[in-house]
Amino acid sequence: MNLDIKGAPVYFRIPVLGGIPISATLVVTWGVMILLTGLCIWMTSDLRVTNISKKQAAAEKLVEMAENLVRTNMGEKWMSFVPFIATIFSLSIVGSLSSLIGLWPPTADLPTELSWSVVVFILITYYKLKAHGLGGYLKSFCDPIFLMAPFNVLGEVFKPVSMAFRHFGNIVSGTVINALIYASLVVANHALFGLLPGMIGKWLGAIPFLTVGIPAVVSLYFDWFTSLMQAYIFCMLTMVFISTAEE
């Protein structure tokens, strides 16, 4: 999108603050981070050893689930990654589900997943260098023969990139499909009630009866299920790639 096009419609323009484009993705992402931070502060306030509150019990259950996820897939030595994995998982789910309240989901914008993947790539590279040293790391690209080096380099680089595109593709496709279904229901509603004679058909056709209920059922898969699965898959791949980096 070109920010310098004069005469462009208002909805095609992105406001700029201090030279930084303020896109919907940026605004919603910050909103999600503020929401999650506030929720964490609230759930961890007034902690007790006995007679714990329901919110403390819920917080402890969430922490236990995150710890079990990391312990099962990475091992005990990687428990320091619990906050990192929990953060990506939470950002992914809440960001994707923001579409349910009419906001643009940040996960439907590729740079969001690419930024996560860059962090994952840096961590993978760090642990490989830590385990094998620079010489061993470079030598691994020549396995099994030096002719495979270009392909191994590409495989290493595109490993996190494929994670980003997989997550992005599933979320944005769900958003597009939901929009197409909603638009189709509006057209079908107008065509169906337009069969009625006179002003009755015109008035009823203008009221989107068919858009009530059906989009909600469809969103159970394209919003809730897909958001949960993509967050889980991204975190699983992150844990596998990092924990196996030392091998």
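The following refers to the structure shown. (Residues numbered from 1 in each chain as written. Predicted model: local features only at pLDDT ≥ 70, side-chain atom pairs only at ≥ 80, totals over all residues. Heavy atoms only, no water.)

Some words on the packing of aromatic side chains
Applying the stated criterion across every chain yields a total of seven aromatic pairs. Measuring from centroid to centroid gives 6.1 Å for Phe-81 and Phe-84, while their planes differ by 80 degrees, and the two rings are edge-to-face. The exposure class of Phe-84 is partly exposed, given its relative accessible area of 22%. Relative to Tyr-127, the ring of Tyr-126 lies with its centre 5.0 Å away and its plane at 80 degrees, an arrangement referred to as edge-to-face. What makes Tyr-126 partly exposed here is its relative accessible area of 46%. What makes Tyr-127 buried here is its relative accessible area of 14%. Among the aromatic residues, those joined into a ring-pair cluster are Trp-78, Phe-81, Phe-84, Tyr-126 and Tyr-127. Directly above the aromatic system of Phe-241 lies the positively charged group of Lys-159, at a separation of 4.9 Å from the ring centroid. (Phe/Tyr/Trp six-rings, centres within 6.5 Å; stacked < 30°, edge-to-face > 60°. Buried < 20%, exposed > 50% of the residue type's maximum accessible area, 1.4 Å probe, protein only. Lys NZ or Arg CZ within 6 Å of the ring centre and 35° of its normal.)

Here's the deal with the pattern of salt bridges
Taken as a whole and judged by the stated rule, the model has four salt bridges. Asp-46 serves as the salt-bridge partner of Arg-48, at 3.4 Å between the closest nitrogen and oxygen. What makes Arg-48 partly exposed here is its relative accessible area of 44%. For Lys-128, the salt bridge is made with Glu-156, and the minimal N-O distance between the two is 2.9 Å. A residue pair is termed long-range when its members are at least 10 positions apart, and Lys-128 in helix 4 (residues 110–139) and Glu-156 in helix 5 (residues 149–193) qualify at 28 residues. Each of the two residues, Lys-128 as well as Glu-156, counts as buried. (Salt bridge = Lys/Arg side-chain N within 4 Å of Asp/Glu carboxyl O. Helix = DSSP H or I, 4+ residues; strand = E, 2+ residues; numbered from the N terminus.)

Overview of the packing of helix 1 (residues 24–43) against helix 3 (residues 82–97)
At their nearest, the axes of helix 1 and helix 3 sit 10 Å apart, and the two run at 120 degrees to each other. Accordingly, the angle class assigned to the pair helix 1 and helix 3 is oblique. In the packing of helix 1 onto helix 3, the handedness of the crossing is right-handed. Between helix 1 and helix 3, the contacting residues are Val-32, Met-33, Leu-35 and Leu-36 on the first element and Ser-90, Leu-91, Val-94 and Gly-95 on the second. Looking at the contact of helix 1 with helix 3, its residues break down into six nonpolar, two polar and no charged. (Axes fitted to C-alpha atoms, helices over the stretch in contact; angles between N-to-C directions. Parallel < 35°, antiparallel > 145°, perpendicular 65-115°, else oblique. Left-handed = near helix turned anticlockwise from the far one by under 90°. Contact = heavy atoms within 4.5 Å. Nonpolar A, V, L, I, M, F, W, Y, C, P; charged D, E, K, R; others polar.)

In short, shape yes, function no, at least from these values alone.
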